[in-house]
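Summary of the model geometry
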Amino acid sequence: MSSNTVRKGQPQKPRKPNSSQSPAETGAPQGKASAPSTPGVAYSASSRSNETQPIFHFVQAVGKVTAGTLLSATMLASSVVAGGLVGLAVSFRNLPDVRVLRNYIPAETTYIYDVEGTLLDSIHDEYNRDIVDLNEVSPHLKRAVLAIEDSYFFSHQGINPTSIARALLSNLQAKETVEGGSTVTMQLVKNLFLTPERSMSRKVAEAVLALRLEQIFAKDQIFEMYLNQVYWGHNNYGAETAARSYFSKSASELTLAEAAMMAGLIQAPEDYSPFVDYDLAKRRQATVLNRMLHLQWITPAEAEAAKQQPIDLGQITAFGASKSPYLTEAVVQELQSRFGRDAVSKGGMRVQTTFDLELQQIAEDTVRQGHARLSRSLNADQMALVAVDPRTHFVKAMVGGVDYQNSQYNRAIQALRQPGSAFKPVVYYAAFASGKYAPETTVEDTPVTYPDGYEYYAPKNYDGSFYGSMSIRAALEQSRNVPAVKLGQDVGINRVIEISRILGIKSPIEPVTSLPLGSVDLTPLEMAAAYATFANGGWKSETTFIVRVTDSAGRVLLDNTPQPQLVLDPWSVAALNDVMQGVITQGTGTAAQIGRPAGGKTGTTSSERDIWFVGYVPQLSVAVWVGNDDYSPVGRGATGGSFVAPIWRDFMQQALRGVPVENFQPSSSFIRP
């Protein structure tokens, strides 16, 4: 029995066809046809067979050819489809996993503010973006974007073939882009995962990713990501940043007219930008409004009112200049040292600095005007000024040079210069804290010589004279060098260095005999901060430019709330403050008088390369330095008392306007060590 014969009552087992089988071999019935018998009719089987044989053979041949052709075509198409599916499967297997968006944090702009919340600068890489929740976006903007980009967003599952055809027809009829072909979801995955190339494979990948995204995220989540991700032109990414740039307001405050204009930008942001072509932007706005009207999302009256509404444009804000670059550059350096470069440029930080922009403006004006006066009589090309609040050790103002545009070098924090006699108060405090000296203690201003390596060191006073016996008070008021060196030797140079470290001075210090005369390289910031501890009665916090750092969601990343510690002996500091006031009232710093109790010290190096005045009141400590970047002398006979003290005075008089007068606590309030 043939294997192809089907037994009666036995079910036929299906067989898997292969490409080498003929139609007969796939289970087609075989054998000759036989006619049914009809009663009363003489029927010759042989004659019937002879008549039908040629016809049957012809039909059978045609059937075989037709069946073979159909099978071949089917098999060929199947092969193509199978190959395409295999190729797509391989491609899809290599597509990004959209689930990573659950933890996706887009690059966001960092903002730097002064202590009162005034914006100083924004820091970002190529993505200037602020992230906002969907409920913080104007309903007008949501509707306008969906109207022009994807009006069926809430009814499709990521792709919408009908919308693509409808958009093509609408755009052809309007002869411009009035409706987007790609869905919002497809645009989002393209922006996040794919290259901008135009190809069928990328379009298919875009569709597949869009379907996957819709399976994982809710519509509102997708729309929120889209509005925060999309590019709006002029380096503005996200609706919030764009709204603040184009209209100087938050995305939540956009009117219908503004929202329609913004929504119209998405197709070609720089082309439709009102900053580039306002008339074209208005025409594009009308297109969006008409589309919203067609969808019955707004009324004719609303559409017309929006078209007629005047638009008050903002300004291009990306890569704008800092309001005070010396300040913001210093802040960025500190942030990068703590958090890293990427965290600063992409992390969306909100940085509250210690700076007072009003005080900073006074400082910048003072430096500019002061330098203009000095240039008439001195050869000094640079100046720096730093102001520190003694109560918090917050840096309130800082000017690193005469003109930032000509030189970005910040001398306030980068230039290591010798302070000269401005360093002497550190030595005098050490003497008072030793318990052996008081302001009225007598010291000798007489010649002396000390071994110094293989040579000898004989300190001299600025004018070359010696005053003999004098009080410590008079020695500091008159800035006599020899008594300071003698005191340094008595208390110990290492002790002077130790106190310098306590005061926050971190620059290298060599234990040389001439250290009491300022034979050390320090920054103006170090000097202002050290004097701030004197001004605050020996209490010190960490000197900083930054009050607080949060992320865009308000989570605190850094909190520099002052934590003052008493680091100096109160009586010794009070005694020093008493003597330092005498420097201004009757000593070398009389040009620094400001009509209220203030202490300070002049500083002049023997080579006349650096001249200083550093002074303070209980609420503010300020250091002013003048010199040349090439270390050349500023002028023969130039002193800090003559040239720099008046600049310090000018700044303090303006900075302290409206600030209550405070007295320093007298030494009688404390126990002498």
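See the structure shown above.
So, here is what we can say about the structure in this document.

Calculation notes
- As a convention, each chain's residues are numbered from 1 in the sequence order in which they are written.
- Where local features are concerned, this predicted model is filtered to residues with pLDDT of at least 70; where side-chain atom pairs are given and counted, the filter is 80 or more; whole-chain, interface and lining totals use all residues.
- Excluded from the side-chain calculations are hydrogens and water; all other atoms, namely the structure's heavy atoms, are used.
- Strands here mean DSSP runs of E at least two residues long; helices mean DSSP runs of H or I at least four residues long; both are numbered from the N terminus.
- Partly exposed residues are those whose accessible area sits between 20% and 50% of the maximum for their type, while under 20% is buried and over 50% is exposed, using a 1.4 Å probe and protein chains only.
- Should any heavy atoms of two residues lie within 4.5 Å, those residues are counted as being in contact.
- By the convention used here, strands pair only if DSSP detects at least 2 bridges between them.
- Working convention: axes come from line fits to C-alpha atoms, limited for helices to the stretch in contact. Angles between N-to-C directions cover 0 to 180 degrees.
- Salt bridge, as used here, is a side-chain nitrogen of Lys or Arg placed within 4 Å of a carboxyl oxygen of Asp or Glu.
- Pairing of aromatic side chains here covers Phe, Tyr and the six-membered ring of Trp, requires ring centres within 6.5 Å, and sorts the geometry by plane angle: under 30 degrees stacked, over 60 edge-to-face, intermediate tilted.
- The rule is short: NZ of Lys or CZ of Arg within 6 Å of the ring centre and within 35 degrees of the ring normal puts a charge over the ring.
- We define a nonpolar core as any set of buried Ala, Val, Leu, Ile, Met, Phe, Trp, Tyr and Cys residues linked to one another through side-chain atoms lying within 4.5 Å.
- Polar contacts here mean pairs of N or O atoms no more than 3.5 Å apart (in protein, one a potential hydrogen donor and the other a potential acceptor; neighbouring residues in sequence count only if both atoms are side-chain atoms).

So, the environment of Thr 446
Inspection of the secondary structure puts Thr 446 in the loop between strand S9 (442–445) and strand S10 (450–452). A relative accessible area of 26% places Thr 446 in the partly exposed class. In this structure, the C-alpha to C-alpha distance between Thr 446 and Lys 486, residues 40 residues apart in sequence, is 9.8 Å. Not counting the four nearest positions on each side in its chain, Thr 446 is found in contact with Phe 466, Gly 468, Val 482 and Lys 486.

Brief notes about the pairing of strand S17 (residues 599–604)
Where burial is concerned, most of S17 is hidden: 6 out of the 6 residues are buried. Burial along S17 is two-sided: Gly 599, Lys 601 and Gly 603 facing one way and Gly 600, Thr 602 and Thr 604 facing the other are all buried. The pairing of S17 with strand S18 (residues 610–617) spans 6 bridges and is classified as antiparallel. Of the residues in S18, the one forming a bridge with Gly 600 is Gly 615. Linkage of S17 to S18, two consecutive antiparallel strands, is achieved through a turn of 5 residues, within which Glu 608 is found at a positive phi near 60 degrees.

Some remarks on the environment of Leu 256
Within the secondary structure, Leu 256 is located in helix H8 (residues 256–263). A relative accessible area of 10% means that Leu 256 is categorised as buried. Sequence separation of Leu 256 and Ala 306 is 50 residues, and the distance between their C-alpha atoms is 6.1 Å. Setting aside its immediate chain neighbours within four residues, Leu 256 contacts His 140, Leu 289, Met 292, Ile 298, Glu 302 and Ala 306.

Things to note about the sheet that holds strand S2 (residues 119–123)
An order of S2-S1-S6-S14-S15 is seen for the 5 strands of this open sheet, with the pairing classed as mixed. Looking at the sheet topology across the chains shown, the edges are occupied by S2 and strand S15 (556–559). Direction aside, neighbouring strands of the sheet carry axes that sit 15 degrees apart on average. Pairing analysis gives 4 bridges linking strand S6 (residues 350–353) to strand S14 (residues 546–550), with the strands arranged antiparallel. The residue of S14 that forms the bridge with Gln 352 is Arg 548. Set on the sheet, helix H12 (residues 325–339) makes contact with strand S1 (110–113), S2, S6, S14 and S15; between it and S14 the angle comes to about 55 degrees.

Considerations on the pattern of salt bridges
Summed over the entire model, instances satisfying the criterion amount to 23 salt bridges. Notably, a salt bridge pairs Asp 578 with Arg 473, separated by 2.8 Å at the nearest N-O pair. You can see Asp 578 sitting in helix H20 (residues 570–586) and its partner Arg 473 sitting in helix H16 (residues 472–477), a full 105 residues away along the chain. Judged by its relative accessible area of 18%, Arg 473 is buried. Close ionic contact of Arg 649 with Asp 650 constitutes a salt bridge, the shortest N to O distance being 3.5 Å. Connected through shared salt-bridge partners, Glu 108, Asp 130 and Arg 350 make up one network.

Concerning the packing of aromatic side chains
Inspection of every chain in the model, using the stated rule, returns 15 aromatic pairs. Between Tyr 231 and Tyr 237 the ring centres are 4.7 Å apart and the planes differ by 40 degrees, which places this aromatic pair in the tilted class. Members of the aromatic cluster, each reached through a chain of ring pairs, are Tyr 429, Tyr 531, Phe 534, Tyr 616 and Phe 664. Here the basic side chain of Lys 219 rests over the ring of Phe 153, its NZ or CZ set 4.4 Å away from the ring centre. One cation-aromatic arrangement involves Arg 417 over Tyr 631; the distance from NZ or CZ to the ring centre is 3.9 Å.

Things to note about the nonpolar core
The tendency in soluble globular proteins is for nonpolar side chains to be buried side by side. Residues Met 398, Phe 423 and Phe 545 are the most contacted members of the largest nonpolar core, which totals 79 residues. The element contributing the most residues to this core is helix H19 (residues 524–535), with 8 residues. Here Phe 423 is in contact with Val 496, Ser 500, Ile 505, Leu 515, Pro 516, Gly 518, Val 520, Leu 522 and Met 527, once residues within four sequence places are set aside. Grouped together as the second largest cluster of nonpolar side chains are 55 residues, Leu 95, Ala 144, Phe 247 and Ala 281 included.

A look at the pairing of S9
By the alternation rule, side chains of S9 split into Val 443 and Asp 445, which are all buried, and Thr 442 and Glu 444, of which none is buried. Relative to strand S12 (residues 468–471), S9 is paired through 4 bridges, and the arrangement is antiparallel. Note on S12: the bridge partner recorded for Thr 442 is Ser 471.

Some remarks on the side chain of Ser 273
In this structure, Ser 273 sits in the loop between helix H9 (269–272) and helix H10 (278–294). Within the structure, Ser 273 has its side chain in polar contact with the side chain of His 234 (distance 2.6 Å).

Some details on the sheet that holds S17
Judged by pairing direction, the sheet is antiparallel, and its 5 strands sit side by side in the order S8-S7-S19-S18-S17 without closing on themselves. With partners counted over all chains shown, the strands left at the sheet margins are strand S8 (394–399) and S17, one partner each. Averaged over all neighbouring strand pairs, the angle between strand axes comes to 10 degrees, with direction disregarded. Pairing of strand S7 (residues 382–389) with S8 involves 5 bridges; the strand directions are antiparallel. Residue Ala 387 lies in a different strand from S8, and its bridge partner there is Ala 397. Together, S7, S8 and strand S19 (620–627) form the strand contacts of helix H14 (residues 357–374), whose direction differs from that of S8 by roughly 35 degrees.

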